[in-house]
Amino acid sequence: MIGSYLVETMQSGHAVVSLDMSDPEHPHEVSRIILGPDDAPHWIAVEPGGDRLVLTGVGALSTHVLFATINRATGELKLDSQSIDFTRSWPDGWKGSAIPHGAIFSNE
């Protein structure tokens, strides 16, 4: 929960949604980020005390990390243009993809 909003990944819908849970018996969607048809988001984490989200997944997202923001007052989600692509060369000379499974923010 982020304030009164529940943010969920939807693998089959290739999306991330924000649900207003201020009335738990009548939750309703307030925002949705539609991703590409090959993107299946799985893991989502929120920055402690902040408004940034980090997303990982499977399919086309298996080697990428996406970022988004949430407006804590309205639940509106926005996809950030910043991302991390793990299909690259690495400092030790190894070439290949890394597959991030989960991601978190840290204050350290």
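The coordinates are above.
Chemist: Got a minute to help me understand the sheet that holds strand β1 (residues 5–10) in this structure?
Modeler: Hydrogen bonds between backbone groups are what pair the strands of a sheet, and the pairing can be parallel or antiparallel. What the 3 strands build is an open sheet, ordered β1-β2-β3; its pairing is antiparallel. Each edge of the open sheet carries a strand with a single partner, namely β1 and β3 (28–34). Across the sheet, the axes of successive neighbouring strands diverge by a mean angle of 20 degrees, strand direction being ignored.

Chemist: Which parts of the structure should I look at to understand the sheet that holds strand β6 (residues 64–70)?
Modeler: Pairing within the open sheet is antiparallel, and its 4 strands lie in the order β4-β5-β6-β7. Two strands bound the open sheet, and with one partner strand each, they are β4 (39–46) and β7 (77–85). Strand-to-strand twist of the sheet, defined as the mean angle between neighbouring strand axes without regard to direction, takes the value 30 degrees.

Chemist: Just to check I follow, could you spell out the pairing of β1 for this structure?
Modeler: Side-chain positions along a regular strand alternate between the two faces of the sheet. Side chains Y5, V7 and T9 project from β1 onto a buried face, and the interleaved L6, E8 and M10 project onto a face without burial. Judged from the 6 bridges that link them, β1 and strand β2 (residues 15–20) form a sheet pairing that is antiparallel. Paired with V7 across the bridge in β2 is S18. Two successive antiparallel strands, β1 and β2, enclose a turn made up of 4 residues, where H14 displays a positive phi of approximately 50 degrees.

What counts as what
- Residues numbered from 1 in each chain as written.
- Predicted model: local features only at pLDDT ≥ 70, side-chain atom pairs only at ≥ 80, totals over all residues.
- Heavy atoms only, no water.
- Pairing = 2+ DSSP bridges.
- Helix = DSSP H or I, 4+ residues; strand = E, 2+ residues; numbered from the N terminus.
- Axes fitted to C-alpha atoms, helices over the stretch in contact; angles between N-to-C directions.
- Buried < 20%, exposed > 50% of the residue type's maximum accessible area, 1.4 Å probe, protein only.

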